[in-house]
Amino acid sequence: MDPQRMILLVEDDDDDAELALRAFQEAKVQNPLVRVRDGVEALDYLFARGEYSARDARDLPVFVLLDLNIPKISGLKVLQAIREDERTRRLPVIILTSSGEERDRLGAYDHFANSYVIKPLDYDQFISASEQMSVYWTRLNSPAPMI
């Protein structure tokens with residue numbers, strides 16, 4: 001996997017985003033982490049619209065870490081939009097949320113999330129989870145061909 005391809009983090013909480021950034025650094029993840037703060041910004045980034053219109057829309061992230069409880073457009077609606085578009089339909093989306101609610105998990109999997117991870121509260125566990133996600137999605141997983 002290309003270590004220059006980014007990982008897209010969709011997270012509105014500054015503390016959680018900083019924790020994710022530090023955890024991925026400590027886990028020695030080579031791929032850069034790009035953060036957006038809400039659902040509109042996430043879709044604009046992925047589809048190269050608005051402030052991201054100069055970005056090449058074919059330059060997709062290795063995977064998306066998507067919080068469910070984000071402003072403007074919910075994480076589930078973002079996931080649904082990703083799955084409805086041919087360009088992003090196969091993009092790995094990992095739900096990274098504090099919600100362990102059954103309805104949230106069902107909603108995520110109903111919209112074809114690749115994985116559902118509840119944010120570990122302990123820093124060391126968060127680093128371990130980040131490292132495991134990174135190894136799997138950037139090294140072990142064989143991604144769908146790009147179209």
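Whatever comes next refers back to the structure up there.
Quick caveat, the model's predicted, so the values are computed rather than measured. (Residues numbered from 1 in each chain as written. Predicted model: local features only at pLDDT ≥ 70, side-chain atom pairs only at ≥ 80, totals over all residues. Heavy atoms only, no water.)

Caption draft 1: Representation of the packing of helix α2 (residues 39–46) against helix α3 (residues 75–84) within the structure. Axis separation between α2 and α3 bottoms out at 9 Å; the angle between their running directions is 20°. When the interaxial angle is binned, α2 and α3 end up roughly parallel. Note that α2 runs across α3; the crossing there is right-handed. From α2, G39, A42, L43 and L46 reach across to α3, where they touch V78, A81 and I82. Considered class by class, the residues forming the contact of α2 with α3 number six nonpolar, one polar and no charged. (Axes fitted to C-alpha atoms, helices over the stretch in contact; angles between N-to-C directions. Helix = DSSP H or I, 4+ residues; strand = E, 2+ residues; numbered from the N terminus. Parallel < 35°, antiparallel > 145°, perpendicular 65-115°, else oblique. Left-handed = near helix turned anticlockwise from the far one by under 90°. Contact = heavy atoms within 4.5 Å. Nonpolar A, V, L, I, M, F, W, Y, C, P; charged D, E, K, R; others polar.)

Caption draft 2: View of the packing of aromatic side chains. By the definition in use, this model includes four aromatic pairs. Aromatic side chains Y45 and Y52 sit 5.1 Å apart centroid to centroid with 75° between the ring planes, which places their arrangement in the edge-to-face category. Take Y45 and Y52: they sit in the same class, and that class is buried. Here the aromatic rings of F63 and W137 are separated by 6.5 Å at their centres, their planes lie at 45°, and the arrangement is tilted. You can see F63 sitting in the loop between α2 and β3 (64–66) and its partner W137 sitting in helix α5 (residues 123–140), a full 74 residues away along the chain. Note on accessibility: F63 and W137 belong to one class, buried. A network of ring pairs unites the aromatic residues F63, Y136 and W137 as a single cluster. (Phe/Tyr/Trp six-rings, centres within 6.5 Å; stacked < 30°, edge-to-face > 60°. Buried < 20%, exposed > 50% of the residue type's maximum accessible area, 1.4 Å probe, protein only.)

Caption draft 3: Spotlight on the pairing of strand β5 (residues 115–118). With four bridges connecting them, strand β4 (residues 93–97) and β5 associate as parallel partners. Paired with I94 across the strands is S115, a residue of β5. (Pairing = 2+ DSSP bridges.)

Caption draft 4: Here's a closer look at the sheet that holds β4. Taken in spatial order, the five strands make up an open sheet running β2-β1-β3-β4-β5, and their pairing is parallel. Both edges of this open sheet fall to β2 (33–36) and β5, since each of them pairs with a single strand only. Each strand of the sheet is rotated relative to its neighbour by a mean of 25°, with strand direction disregarded. Contacts from helix α1 (residues 14–26) reach β1 (7–10), β2 and β3, with the element oriented near 175° to β2. Across the sheet, α3 touches β3 and β4, and the angle it forms with β4 is around 180°.

Caption draft 5: Expanded view of the packing of α1 against α5. Two elements in contact, α1 and α5, have axes separated by 8 Å at closest approach and are oriented at 65°. Here α1 and α5 pass one another in a crossing that is right-handed. On α5, the residues touching L19, A20, R22, A23, F24 and E26 of α1 are Y123, F126, I127, S130 and S134. When its residues are assigned to classes, the contact of α1 with α5 shows seven nonpolar, two polar and two charged.

Caption draft 6: Expanded view of the side chain of D44. By the element assignment, D44 lies in helix α2. Those residues in contact with D44 that lie beyond four places of it in its chain are R49, G50 and Y52.

Caption draft 7: Focus on the pattern of salt bridges. All told, the structure shown has 12 salt bridges when counted by the stated rule. For D44, the salt bridge is made with R49, and the minimal N-O distance between the two is 3.2 Å. Ionic pairing is found between R103 and D104, a salt bridge with its closest N-O pair at 3.2 Å. What makes D104 buried here is its relative accessible area of 11%. Salt bridges here are not isolated pairs; linked through shared partners, they connect E11, D16, D67 and K119. (Salt bridge = Lys/Arg side-chain N within 4 Å of Asp/Glu carboxyl O.)

Distances and angles like these do not, on their own, reveal function.
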